[in-house]
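Residue-level structural notes
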Amino acid sequence: MGYHRRVERKYTLVDVRPNPQATDLAGLAGRLLSELRARRPLVQNITNYVSMDIAANALLAIGAAPAMVHAPEETPQFTPIAGALVVNIGTLSAATAKAMQIAVDVAHKVGTPWLLDPVAVGPMDFRNGVVLDLMKARPAILRGNASEIIAVARLAGLTQTKATPRGTDSTNTTSEAQLFCIELARHFGCTVVATGEVDVATDGQQVVRLANGSPLMTKVTALGCSLSSVMGGFLAIAPTPLEAAIAALAVYGVAGDMAAETARHPGSFRVAFIDTLDAITPADITGRLKVIA
Ligand SMILES: Nc1ncnc2c1ncn2[C@@H]1O[C@H](COP(=O)(O)OP(=O)(O)O)[C@@H](O)[C@H]1O
Ligand SMILES: Cc1ncsc1CCOP(=O)(O)O
Ligand SMILES: [Mg+2]
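In what follows, the accompanying structure is described. These numbers were taken from a predicted model, which means no experiment stands behind them. (Residues numbered from 1 in each chain as written. Chains lettered and ligands numbered in written order. Predicted model: local features only at pLDDT ≥ 70, side-chain atom pairs only at ≥ 80, totals over all residues. Heavy atoms only, no water.)

1. Quick notes on the pairing of strand 9 (residues 199-202)
Moving residue by residue along a regular strand, the side chains alternate between the two faces of the sheet. Basically, it comes down to this: Type-normalised accessible area, obtained with a 1.4 Å probe on protein chains alone, sets the label of each residue: buried when under 20%, exposed when over 50%, and partly exposed for intermediate values. Helix and strand definitions here come from DSSP, where helices need a minimum of 4 consecutive H or I residues and strands a minimum of 2 consecutive E residues; each element is numbered from the N-terminal end. At least two bridges found by DSSP between two strands is the condition for calling them paired.
Residues Asp199 and Ala201 of strand 9 are buried on one face, and the alternating residues Val200 and Thr202, pointing to the opposite face, are buried as well. The pairing of strand 8 (residues 191-195) with strand 9 spans three bridges and is classified as antiparallel. Across the sheet, the residue bridging to valine 193 is alanine 201, located in strand 9. Taking the residues between adjacent antiparallel strands as the criterion, strand 8 and strand 9 are bridged by three residues.

Listed below in structure tokens is the structure:
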């Protein structure tokens, strides 16, 4: 029996089914990890300068094939052959915004699934307008930290709540963002992921909350951006965007737990984390996944 919550005026009742069992989710993540490694999906990333290297290396380590192709002259030919497209507005400019819009319009037209990471959305009008324009091309997944997700919900007119981001970081929690995830998922017809100490993923019906990961992951720049790229790898091979999001969060969070057992500081953690993305197995996920009911 699902449980119901009253959400803001638009949806009188939200049918939020309780979490599937941890074993179901761990099994799903393990199967999709094996499939990703077998298929090595090509993932196009139009991303920020800060994350280029680590996002590409995170994709390589997990078993996918990154391509940081962003020129408007090339995306019409590249996006159709990519397994998924990841768009990340971290170091946005008018030129990159134009390239992103061309790529997402092509993706929408040819059916290449794509993910938006709305880095630092909220305080700046230019990137807020770009986010709203990009959302019109219907991403399969919207992945941000809690403040970014609340900011997109406000931009979409779903709430008056003002997020409190600090640059590219969040000061909000995913508990504050969870209902906005559900409303955004229903409003845009996509899967929405808010990450933080607890990660939340929803397609507007089912809500999954995972509690893996280490605080050290917030001390290495662009690990959220790299999560979005890795999530793009799962999006290329998973049956649904929600399953892709769950698998990426499970693999990434468990890898964070494992890396934090050997590295205590950011520099060594960055190395240990990329190594763990390469080494992690389905058994590691089954043994360590933390699902919050
Ligand atoms: N306090 C925390 N404890 C454990 N894991 C965390 C914590 N904060 C973030 N993470 C993890 O770090 C990764 C990046 O998330 P986040 O920092 O929310 O994104 P961003 O870097 O885009 O702000 C996610 O896998 C998330 O689960
Ligand atoms: C510091 C910074 N500035 C613009 S993009 C970026 C990286 C943000 O990475 P993440 O969203 O993973 O924290
Ligand atoms: Mg981010």
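2. Observations regarding the site of ligand 1
What counts is decided by this rule: If even one non-hydrogen atom of a residue comes within 4 Å of a molecule or strand, that residue is called near it. N or O atoms closer than or at 3.5 Å make up a polar contact, with two conditions inside protein: a donor-capable atom paired with an acceptor-capable one, and, for residues adjacent in sequence, both atoms drawn from side chains. For this classification, Asp, Glu, Lys and Arg are treated as charged, while Ala, Val, Leu, Ile, Met, Phe, Trp, Tyr, Cys and Pro are nonpolar and the rest, including Gly, are polar.
Neighbouring ligand 1 are 16 residues; Arg143, Asn145, Thr195, Asp199 and Thr218 lie closest to it. In the model, an oxygen atom of ligand 1 is placed 3.0 Å from a nitrogen or oxygen of the arginine 143 side chain. Backbone polar atom of glycine 224 to an oxygen atom of ligand 1: 3.5 Å apart, as the coordinates give it. A class-by-class count of the residues in the shell around ligand 1 yields four nonpolar, nine polar and three charged.

3. Examining unusual backbone geometry
Its identity is not glycine, yet alanine 120 carries a phi of approximately 60 degrees, on the positive side. Among the structural elements, alanine 120 can be located in the loop between strand 6 (114-117) and helix 5 (125-135). For arginine 138, which is not a glycine, the phi torsion comes out positive at approximately 55 degrees. Residue classification places arginine 138 among the partly exposed positions, given a relative accessible area of 40%.

4. Quick word on the nonpolar core
Heads up, the condition is: The term nonpolar core refers to a set of buried residues drawn from Ala, Val, Leu, Ile, Met, Phe, Trp, Tyr and Cys, joined through side-chain atoms within 4.5 Å. Between two residues, a contact is recorded if the distance between any of their heavy atoms is within 4.5 Å.
Core analysis: the largest hydrophobic core is formed by 103 residues, its most contacted members being Leu184, Phe234 and Phe269. Ranked by residue count, the leading element in this core is helix 9 (residues 241-259), at 14 residues. Not counting residues up to four positions away in its chain, the partners in contact with phenylalanine 269 are Leu216, Met217, Val220, Leu223, Gly256, Ala259, Ala260 and Ala263.

5. Digging into the pairing of strand 8
A large share of strand 8 lies buried, amounting to five of its five residues. Both faces of strand 8 are covered, namely the face carrying Thr191, Val193 and Thr195 and the face carrying Val192 and Ala194. Taken together, the five bridges between strand 7 (residues 141-145) and strand 8 define a ladder with parallel strand orientation. Its bridge partner lying in strand 8, isoleucine 141 is registered against threonine 191.

6. Regarding the sheet that holds strand 3 (residues 42-46)
Ordered in space as 4-3-5-6-7-8-9-10-11, the nine strands form an open sheet in which the pairing is mixed. Single-partner strands in this sheet number two, and they are strand 4 (65-67) and strand 11 (291-292). Judged from the two bridges that link them, strand 10 (residues 207-210) and strand 11 form a sheet pairing that is antiparallel. Residue pairing for strand 11: leucine 210 is matched across the bridge by valine 291.

7. Details of the environment of lysine 109
Position of lysine 109 relative to the elements: it lies in helix 4 (residues 94-110). Note on lysine 109: relative accessible area 75%, which makes it exposed. Spatially, the C-alpha atom of lysine 109 lies 34 Å from that of isoleucine 274, the residues being 165 residues apart in sequence.

8. Regarding the packing of helix 8 (residues 223-235) against helix 9
What counts here: Angles shown run from 0 to 180 degrees and are taken between the N-to-C directions of axes, each axis being a line fitted to C-alpha atoms and, for helices, limited to the stretch in contact. Roughly parallel means an angle under 35 degrees; roughly antiparallel, over 145; roughly perpendicular, 65 to 115; everything else is oblique. Crossing handedness is read from the near helix: turned anticlockwise from the far helix by less than a right angle, it gives a left-handed crossing, and turned clockwise, a right-handed one.
The contact between helix 8 and helix 9 brings their axes to 8 Å, and the two run at 130 degrees. One way to sum up the angle between helix 8 and helix 9 is to call them oblique. You can see that helix 8 and helix 9 cross each other, and the crossing is right-handed. Packed against helix 8, whose contacting residues are Leu223, Ser226, Leu227, Val230, Met231, Phe234 and Leu235, the element helix 9 presents Pro241, Ala244, Ala245, Ala247, Ala248, Leu249, Val251 and Tyr252 at the interface. Per-class residue counts for the contact of helix 8 with helix 9 are 14 nonpolar, one polar and no charged.

9. As for the side chain of glutamate 148
Put simply, the test is: Positive residues here are Lys and Arg, negative ones are Asp and Glu, while His and the chain termini are left out of the count. Take a side-chain nitrogen of Lys or Arg and a carboxyl oxygen of Asp or Glu: if they are within 4 Å of each other, that pair is a salt bridge.
Its location among the elements puts glutamate 148 in helix 6 (residues 146-155). Despite its burial, glutamate 148 pairs with no opposite charge; the closest candidate is arginine 143, at 5.2 Å N-O. There is a polar contact of 3.0 Å between the side chain of glutamate 148 and the backbone nitrogen of alanine 120. Discounting chain neighbours no more than four positions away, the residues touching glutamate 148 are Asp117, Pro118, Val119, Ala120, Val121 and Thr168.

Function cannot be inferred from these measures alone, as they are strictly geometric.
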